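Structural characterization, general
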Amino acid sequence: MGDLVTLGQRIRHFRQEAGLTLDQVGEQVGTAASQLSLIENGRREPRVTLLGDIAKALGVTVPDLLDETPPSPRAALEIELDRLQRSALYARLGLPAVRPGRTLGDDVLEALVGLHRELVDRERRSIATPEEARRANTELRHRMREKNNYLPELEELAEDLVRSSGHVSGAITHREVGLMAKRLGFELVYVNDLPRSARSVTDLENGRIYLPPASIPGGHGLRSMALQAMAHRMLGHEVPETYADFLHQRLEINYFAAACLMPLTQSVAFLQQAKNDRNIAVEDFRDAFGVTHEAAALRFTNLATSHLDLQLHFLRVGDDGAVYKAYENDGLRLPVDVTGSTEGQPVCRKWSARVAFTRTNRTTEFYQYTDTPEGTFWESTQTGTGTGSEFSITVGVPFAQAKWFRGRETTQRQASTCPDPACCTLPDNELTGRWGGKVWTSARLHAHILSPLPSGTFPGVDDQEVYRFLEQHASDA
Ligand SMILES: [Zn+2]
């Protein structure tokens, strides 16, 4: 059976055409008028025998009644209004459902349906599709490239905050991060039951920042997350309205946290000394400030061009060879898709970022010169293991700037002609001759690096969970 609302509309239509009242039809088919009314309003499904009786009483056939075309333009609007009012989207608004009875004018009905349609349309547009997410991400990368990945306003804010904690040099301690929070009027609280949609929750009323417990005691992740939570407050972030806003805020809080953990003045002094000694190494920078290799490499991209006069590239590549994060202002041609997006694209097998995976000793940085159509680059790669899979972190510079780095004496060299498919994509003639046409491989689905955000509240935060969480914890304050 099709739509009950359409069926009811058709029954009413034929009854009115026949000039019969509900009572008159009810009498003929042996059913109360109130039951017939429920059927006409689509609130009740008639039994097959009753449907036959109704058709007979109205002088039509059962197929006439079951036809799914709305009997009139007005009925079509009524049916659509009914369907729209029953949607989850409308239910979330907590507004009453309007019954499109005879007293509801055609113009009002048309206006209501029009507003509903627009609501659905806007909801659809507000959900960031993977394409939109990728576009926003690419735009942000281009904007940051123009700024050499350097944001002086955030550097200044971060330096002020770090100075206020009394920090002098080296790695920022958990205690110092706690003091910074206190200056902003917040207490840091570590809990096991943080809502799954949240990285941290800030209770503005009681001045508390809730964070997850450290997975690795003393790891830098916790300090970074606490600083990111504070950054939202210090930078006056509002609830983001678009995916681009969301990404921009994410970039700012990451930048701010990194600039606190590796403050400008100390970092530049450290790196400048290393440059003078012709001994720059991301691993040393990492160890001096007690952060991860990736954090140190990314921080290096903030400072290298503006303070050390170096152009460079950064790559985080998964063990499947796909780009997870990338930045360049040294002319390296990043692999991109037709939209200009680099995330998820495979990098050349001959680049250091992938060659490093083939090494057996991976405890130290791997160094390589890579010849490309855009010139020769010197690269330093460190591999690591994330949740279940391996990744590599690469920092590279044009050949002429290798002289400032530890590892420049490496004899490891590769020639890449990518994106030419003959470089490392196509199998060679021998292999093709041996296996061509003799194999069928079932492809693995690609993990989405940027998946769409869930619908509902943007950016996918579960408010109910968060409020319940706060209820529970505010009482133990
Ligand atoms: Zn290649």
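Notes on the structure in this doc start here. In this text, all values refer to a predicted model and were calculated from it rather than measured experimentally.

**Let's talk about the sheet that holds strand S9 (residues 413–415)**
Read from one edge of the open sheet, 6 strands run S5-S4-S8-S7-S6-S9, paired in mixed fashion. Of all the strands in the sheet, just strand S5 (323–328) and S9 have a single pairing partner and so form its edges. The average angle at which neighbouring strand axes cross in this sheet is 25°, direction not considered. Across 9 bridges, strand S7 (residues 375–385) lies against strand S8 (residues 390–398) in antiparallel orientation. Bridged to Thr383 within S8 is Ser392.

**Let's talk about the pairing of S8**
The buried fraction of S8 amounts to 7 of the 9 residues, a majority that puts the element mostly inside the structure. Judged from the 6 bridges that link them, strand S4 (residues 313–318) and S8 form a sheet pairing that is antiparallel. Looking across to S8, one finds that Arg316 is bridged to Ile393. Where S7 hands over to S8, the hairpin turn is made up of 4 residues, of which Gly388 adopts a positive phi near 85°.

**A look at the packing of aromatic side chains**
For the coordinates displayed, the defined rule picks out 9 aromatic pairs. Taking 5.0 Å as the distance between ring centres and 40° as the angle between the ring planes, the aromatic pair formed by Trp378 and Phe405 counts as tilted. Linking Trp378 in strand S7 with Phe405 in the loop between S8 and S9, this pair joins segments that are 27 residues apart in sequence. For the pair shown, Trp378 and Phe405 are each scored as buried. When the ring centre of Tyr324 is taken as reference, the NZ or CZ atom of Arg316 above it lies at 4.9 Å.

**Quick look at the environment of Glu238**
Tracing the backbone through its elements, the reader meets Glu238 in the loop between helix H12 (220–234) and helix H13 (243–261). What makes Glu238 exposed here is its relative accessible area of 63%. Between the alpha carbons of Glu238 and Ala415 there is a distance of 48 Å; along the sequence they are 177 residues apart.

**Comments concerning the pattern of salt bridges**
Under the defined criterion, the tally for this structure stands at 22 salt bridges. A salt bridge links Arg406 to Glu283; the nearest nitrogen and oxygen atoms lie 3.2 Å apart. Of the two residues, Arg406 is situated in the loop between S8 and S9 and Glu283 in helix H15 (residues 282–289); the sequence distance between them amounts to 123 residues. One connected set of salt bridges, linked through shared partners, spans Arg12, Arg15 and Glu40.

Cut-offs used in this document
Residues numbered from 1 in each chain as written. Predicted model: local features only at pLDDT ≥ 70, side-chain atom pairs only at ≥ 80, totals over all residues. Heavy atoms only, no water. Pairing = 2+ DSSP bridges. Helix = DSSP H or I, 4+ residues; strand = E, 2+ residues; numbered from the N terminus. Axes fitted to C-alpha atoms, helices over the stretch in contact; angles between N-to-C directions. Buried < 20%, exposed > 50% of the residue type's maximum accessible area, 1.4 Å probe, protein only. Phe/Tyr/Trp six-rings, centres within 6.5 Å; stacked < 30°, edge-to-face > 60°. Lys NZ or Arg CZ within 6 Å of the ring centre and 35° of its normal. Salt bridge = Lys/Arg side-chain N within 4 Å of Asp/Glu carboxyl O.

Structural measurements only, silent on function.
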